[in-house]
Amino acid sequence: MPDFMTNETIQSAVAKIIDEMVCELELDFDDPIGPQTRLIADLGFASVDFIHLIVELEKHFQRKMGFHDLIMPDGQYVDDLAVGDLVAFIARRVAGDEPTPPPAEIAALIEPEPESFTNLRPEDVEHFRGLMPSLEKWGAIPVPEKKNPRAVFVFSSPRSGSTLFRVILAGNPGLFAPPEMHLLNYATMAQRHTALDNKWNEHLLSGTVRAMMPLKACSAEEAEGFVRGCVEEGMTTQDFYGQLQALLGDRLLVDKTPIYAMHEDILRRAERDFEDPLFIHLVRHPCGMIKSFEDAKIEQLIPFMRESHFTRRQLAELTWYVTNQNIARLLADVPSERCLRLRFEDLVHEPHGAVSALCGFLNVPFAAEMLDPYKDSESRMTGGLTTAAQYSGDLKFHLHARIEPDAADRWKKFDSEKSLSLITRELAAEFGY
């Protein structure tokens with residue numbers, strides 16, 4: 001980026017990017033974007049929009065700027081930002097101001113445990129399970145006449161580092177690891193489209209499109225047309241998996257979609273419908289997952305969680321418990337040579353050893369590029385179809401530039417294991433925590 005950029009040229013670039021986002025998101029704001037325009041109070045930006053904006057700004061200015069210094073100045077998120085704040089921050093970075101260490105290394109005040117927290121009991125778990133939408137809405141998923149070839153399934157709770165892990169896998173030439181595809185939980189592509197084609201979830205439809213682009217060497221529009229044709233002809237998701245696998249040659253297909261773990265029956269479909277599939281259980285310390293869940297306000301995107309009587313903290317812990325319990329139940333019935341449990345903490349603290357063991361399990365050669373997940377973003381499919389907000393995965397991946405070991409332990413500044421329910425601590429102990 002040119003060193004002679006002035007505040008005026010920076011202001012113009014920032015305003016243009018935000019104005020384009022306002023149009024794309026169809027936000028109710030018709031005034032000119034100026035220094036006093038506030039991103040939340042005036043524009044109604046959500047957390048995902050902040051990430052989208054940061055990605056676009058760093059792309060435009062062609063450098064990582066360490067925006068955590070602006071949005072988390074004291075280890076806690078700011079309440080709002082004005083456009084002028086962004087302009088001044090970028091001007092300082094252009095002038096040579098260097099970022100501080102990442103947020104995980106910033107000293108922060110420890111947040112008190114929410115007063116509404118109560119110890120979760122087995123009956124709370126069953127009540128939580130009962131709140132989930134029934135799979136019967138779509139009818140039974142028929143048993144296929146013939147199983148699909150072997151595939152790799154990464155099962156985890158949400159907010160457990162699965163996006164970083166998926167991109168690491170995508171760096172191996174023997175694997176094909178696209179963004180979240182949301183296939184296993186539907187019988188047909190039409191059911192999938194009906195369930196996800198809404199303002200809350202439409203970005204989740206992009207994973208299959210993104211997968212088809214490199215496999216068919218086609219544009220996003222052409223890939224969207226292909227997937228639309230699969231929807232219109234009533235293709236089963238089983239056959240769509242087959243379409244993907246037929247294009248892979250000798251590569252193994254990897255499906256990483258955390259929502260699968262909410263229902264044990266969905267997990268078992270992978271074992272039922274694929275020939276000797278390989279399972280990776282990616283698990284994160286419950287306190288780390290809970291902190292990430294709370295920061296992202298995940299329950300706001302899930303109707304049955306929004307409408308429940310549980311607090312955000314309880315919903316996060318229940319989600320960790322139920323998903324990991326479901327995965328553990330499945331893997332208990334699968335031959336051990338087809339299962340690998342990997343802790344997120346081990347992955348980021350000792351990436352070389354963890355990835356080497358992973359390659360051995362998958363029977364693919366170790367590839368050093370796997371340890372640099374921010375390299376070659378196009379082949380690893382880390383962008384949305386046309387905007388960052390269309391990405392089917394965790395957009396916070398774009399806030400980092402490397403595997404950061406401290407990301408695994410940041411929760412220790414805010415929480416302690418004493419806040420966990422007994423049932424959660426017991427299950428976590430089975431995973432080595």
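All figures in this text were calculated on a predicted structure; none of them were measured in a lab.

### What about the nonpolar core?
Here is step 1: One finds Phe153, Phe155, Leu184, Phe240 and Tyr241 to be the most contacted residues of the largest nonpolar core, which totals 38 residues.
Here is step 2: Discounting residues that sit within four places of it in the chain, phenylalanine 240 has contacts with Leu183, Met189, Thr208, Met212, Phe226, Val227, Cys230 and Met235.
Here is step 3: Among the nonpolar cores identified, the runner-up in size contains 31 residues, and Ala13, Met21, Phe45 and Phe50 belong to it.

### Some words on the environment of glutamine 11
Here is step 1: Position of glutamine 11 among the secondary structure elements: in helix H1 (residues 7–25).
Here is step 2: In this structure, the C-alpha to C-alpha distance between glutamine 11 and alanine 88, residues 77 residues apart in sequence, is 8.9 Å.
Here is step 3: The contact partners of glutamine 11, leaving out residues within four places of it in the chain, are Ile33, Gly34, Pro35, Val83 and Val87.

### Let's talk about the packing of aromatic side chains
Here is step 1: On inspection of all chains with the given rule, the structure shows 9 aromatic pairs.
Here is step 2: When the ring of phenylalanine 153 is compared with that of tyrosine 241, the centres are 6.4 Å apart and the planes differ by 75°; the resulting orientation is edge-to-face. One end of the pair, phenylalanine 153, is in strand E1 (residues 152–155); the other, tyrosine 241, is in helix H10 (residues 237–246), with 88 residues separating them in the sequence.
Here is step 3: With centroids separated by 5.0 Å and ring planes inclined at 90°, the aromatic side chains of tyrosine 241 and phenylalanine 274 adopt a geometry described as edge-to-face. With a gap of 33 residues between them, tyrosine 241 in helix H10 and phenylalanine 274 in the loop between helix H11 (264–273) and strand E4 (278–283) connect regions that are remote in the sequence.
Here is step 4: According to the relative accessible area criterion, tyrosine 241 is buried, its value standing at 1%.
Here is step 5: Ring pairs connect the aromatic residues Phe153, Phe155, Tyr241, Phe274 and Phe279, which therefore count as one cluster.
Here is step 6: The ring centre of tyrosine 433 lies 4.9 Å from the NZ or CZ of arginine 343, which sits over that ring.

### A look at the pairing of E1
Here is step 1: Alternating positions in E1 separate into two faces, Val152 and Val154 on one and Phe153 and Phe155 on the other, with burial throughout.
Here is step 2: Across 3 bridges, the pairing between E1 and strand E3 (residues 252–256) is parallel. Within E3, the residue paired with valine 152 across the bridge is valine 254.
Here is step 3: Strand direction decides the pairing type here: E1 and E4, joined by 4 bridges, are parallel. Each bridged residue has a counterpart across the sheet, and for phenylalanine 155 the counterpart in E4 is histidine 281.

Rules behind the numbers
Residues numbered from 1 in each chain as written. Predicted model: local features only at pLDDT ≥ 70, side-chain atom pairs only at ≥ 80, totals over all residues. Heavy atoms only, no water. Core = buried A, V, L, I, M, F, W, Y, C linked by side-chain atoms within 4.5 Å. Buried < 20%, exposed > 50% of the residue type's maximum accessible area, 1.4 Å probe, protein only. Contact = heavy atoms within 4.5 Å. Helix = DSSP H or I, 4+ residues; strand = E, 2+ residues; numbered from the N terminus. Phe/Tyr/Trp six-rings, centres within 6.5 Å; stacked < 30°, edge-to-face > 60°. Lys NZ or Arg CZ within 6 Å of the ring centre and 35° of its normal. Pairing = 2+ DSSP bridges.

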